[in-house]
Amino acid sequence: MATINFGGVDETVITRDEFPLAQARETLKDEVIAVIGYGVQGPGQALNLRDNGFNVIVGQRKDSASWEKAKSDGWVEGETLFSIEEAAERGTIIANLLSDAGQIAVWPTLKERLKPGKTLYFSHGFGITFKEHTSIVPPADVDVILVAPKGSGTSLRRLYLAGGGLNSSFAVYQDATGKAYEKAIAMGIGVGSGYLFETDFQKEVFSDLTGERGVLMGALAGIIEAQYQVLRQRGHSPSEAFNETVEELTQSLVPLVGENGMDWMFSNCSVTAQRGALDWKGKFREATLPVLNELYDSVASGKEAERTIQRGSTPGYRQELEAELSELRESELWQTGATVRKLRSK
Ligand SMILES: NC(=O)c1ccc[n+]([C@@H]2O[C@H](COP(=O)([O-])OP(=O)(O)OC[C@H]3O[C@@H](n4cnc5c(N)ncnc54)[C@H](O)[C@@H]3O)[C@@H](O)[C@H]2O)c1
Ligand SMILES: CC(C)(O)[C@@H](O)C(=O)O
Ligand SMILES: [Mg+2]
Ligand SMILES: [Mg+2]
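None of these values were measured; they are calculated from a predicted model. (Residues numbered from 1 in each chain as written. Chains lettered and ligands numbered in written order. Predicted model: local features only at pLDDT ≥ 70, side-chain atom pairs only at ≥ 80, totals over all residues. Heavy atoms only, no water.)

Engineer: Please clarify how the coordination of the magnesium ion (ligand 3) should be interpreted in this entry.
Structural biologist: Each pair of donors in an ideal octahedron of six around a metal sits at 90 or 180 degrees, and each pair in an ideal tetrahedron of four sits at 109.5 degrees. Those donors, D208 (OD) and E212 (OE), are the protein atoms that reach the magnesium ion (ligand 3), and they lie 2.0 Å from it. In this structure, the magnesium ion (ligand 3) lies 3.6 Å away from the magnesium ion (ligand 4), the two metals sharing D208 as a donor. Taken together, the residues D208 and E212, both in helix 10 (residues 201–213) and four residues apart, mark about one turn of the helix. Residue class for E212 comes out partly exposed when judged on its relative accessible area of 25%. (Donors = N, O, S within 2.8 Å, 3.2 Å for Na, K, Ca; no water. Helix = DSSP H or I, 4+ residues; strand = E, 2+ residues; numbered from the N terminus. Buried < 20%, exposed > 50% of the residue type's maximum accessible area, 1.4 Å probe, protein only.)

Engineer: What's the story with the domain arrangement of the protein chain in this structure? I'm lost.
Structural biologist: Reports often express the size of an interface as the amount of accessible area lost when the parts come together. Domain boundaries assigned for the protein chain yield domain 1 (2–199) and domain 2 (214–342). Listed per partner, the contact involves seven residues of domain 1 and nine residues of domain 2. Overall, the association of domain 1 and domain 2 removes approximately 600 Å² of surface from exposure, summing both partners, and the carbon and sulfur fraction of that is 81%. The tally of links between domain 1 and domain 2 comes to zero salt bridges. Between domain 1 and domain 2 we count zero residue pairs in polar contact (both at pLDDT 80 or more) in total. Among the residues forming the side of domain 1 that touches domain 2, the class breakdown is four nonpolar, three polar and no charged. (Domains from an automatic or database assignment. Contact = heavy atoms within 4.5 Å. Buried area = accessible area lost by both parts, 1.4 Å probe. Salt bridge = Lys/Arg side-chain N within 4 Å of Asp/Glu carboxyl O. Polar contact = N/O pair within 3.5 Å; in protein donor to acceptor, adjacent residues only side chain to side chain. Nonpolar A, V, L, I, M, F, W, Y, C, P; charged D, E, K, R; others polar.)

Engineer: Help me out: how do you make sense of the site of ligand 2 in this one?
Structural biologist: With respect to spatial proximity, the complete set of residues near ligand 2 consists of G151, S152, D208, E212 and M217. In this structure, an oxygen atom belonging to ligand 2 sits 2.9 Å away from a side-chain N or O atom of D208. With respect to ligand 2, the side chain of E212 contributes an N or O atom lying 2.8 Å from an oxygen atom. Split by residue class, the shell around ligand 2 holds one nonpolar, two polar and two charged. (Near = heavy atom within 4 Å.)

Engineer: What should I look at first to understand the UniProt feature "domain: KARI N-terminal Rossmann" (unreviewed entry) in the protein chain in this one?
Structural biologist: Mapped onto the present numbering, the UniProt feature "domain: KARI N-terminal Rossmann" (unreviewed entry) falls on residues 9–199. Split by type, residues 9–199 is 38% helix and 24% strand. Its first and last C-alpha atoms lie 15 Å apart. (UniProt positions renumbered as here; feature names shortened; annotations may be inferred.)

Engineer: Just checking my understanding: could you explain the pairing of strand 9 (residues 166–174) for this structure?
Structural biologist: Successive side chains on a regular strand alternate, one facing one side of the sheet and the next facing the other. One ladder, built from six bridges, connects strand 8 (residues 143–149) with strand 9; its direction is antiparallel. The residue of strand 9 that forms the bridge with A148 is S169. When strand 9 meets strand 10 (residues 193–198), the two strands line up parallel, connected through four bridges. Looking at strand 10, one finds that L166 is bridged to S193. The β-α-β motif built from strand 9, the intervening helix 9 (residues 180–190) and the parallel element strand 10 has right-handed crossover chirality. (Pairing = 2+ DSSP bridges. Right-handed = clockwise from strand over helix to strand, strands pointing away.)

Engineer: So what exactly am I meant to see when it comes to the environment of E247 here?
Structural biologist: Topologically, E247 is positioned in helix 12 (residues 238–260). Residue classification places E247 among the buried residues on the basis of a relative accessible area of 9%. Taking the C-alpha atoms as reference, E247 lies 48 Å from R90; in sequence the two are 157 residues apart. Sequence-distant contacts of E247, defined by excluding residues within four places in its chain, comprise F242, S252, V340 and R344.

Engineer: Honestly, the side chain of Q41 in this entry has me stumped. Any pointers?
Structural biologist: For Q41, the position within the fold is in helix 2 (residues 41–51). The exposure class assigned to Q41 is buried, which follows from its relative accessible area of 16%. Engagement of the side chain of Q41 in a polar contact is seen with the backbone oxygen of G151, the distance being 3.5 Å.

Listed below in structure tokens is the structure:
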């Protein structure tokens, strides 16, 4: 465990050097990890665990698209691919990677199979933190741990295959065996994390729901739409509006931020751009602060969880969601994006 100073604040971080893969394998050598759910995180985590040499099986609803995907990823029915019930029966670590709303309906099935000494694993603090809405209350004699990769399951798998790792948060909610902390770290290493940052279930879910609704996804999509609309209404062509709003962001400037920080990106732009961006950033910050505070309140009060559950348990919701994504995809902005993406030189 390393103590690392982040901008003046000391935090605990686990590195792969101090908890190597061999130690993670040793820690979990007698465990059967049952990955329940094969959507986005399921495949990333299950495949990384398998390739890292852990004993892993997958539990998924039969005759679903995800069942077929699991088969095409090499999971074998009756050997490593089972119904949710059977996988939960066989697993000693039950990795609950169903959708957050889906976890509610399946909880009685999993709870029944959580025998003393088993481990219940999540990749989100949602089910436990919002137990008033989810009714997910684990038995006292099981370990309850969390490893939440900070990014898409797709990136988790891609980075693993490229020899890297995606950073994750980890937490222990309940330590019945005295080994929960070590198991959480071992699972974190096994699923392909780079560095592991310690947190608790509530902090993970509050920050995660805020981040994805805010800067990472919701605010990003919203501010892009607003700027594109202004440029179009002021007479700019679709390609010009798109290039100045999205293409340059993803292809040039955000990679520079990722590489060496905001000031580094700024200093690689003209003095004209720097002056204007420094002058305007405060206005954007002040304009969005009330919205972000409203968002955090909505997360902390459980309103966001309630809405996620309510919408997510509506029959036909996946099709509704797909229709909303399709509307986004078909909009002038993102159709322009599809064309611009074809014009990238290799
Ligand atoms: N998507 C990500 O990359 C990501 C990143 C970090 C954490 N997480 C967390 O990981 C967990 C899994 O997320 P996901 O995005 O992979 O899930 P998902 O939405 O892709 O769904 C996973 C699986 O749940 C199954 N499912 C849903 N409802 C069900 C039900 N009622 N009965 C049986 N099966 C059902 C689906 O068939 C699917 O295979 C969640 O807790 C999520 O918050 C996800
Ligand atoms: C990938 C994200 C946005 O970080 C995750 O939190 C999710 O819910 O999918
Ligand atoms: Mg999330
Ligand atoms: Mg997240």
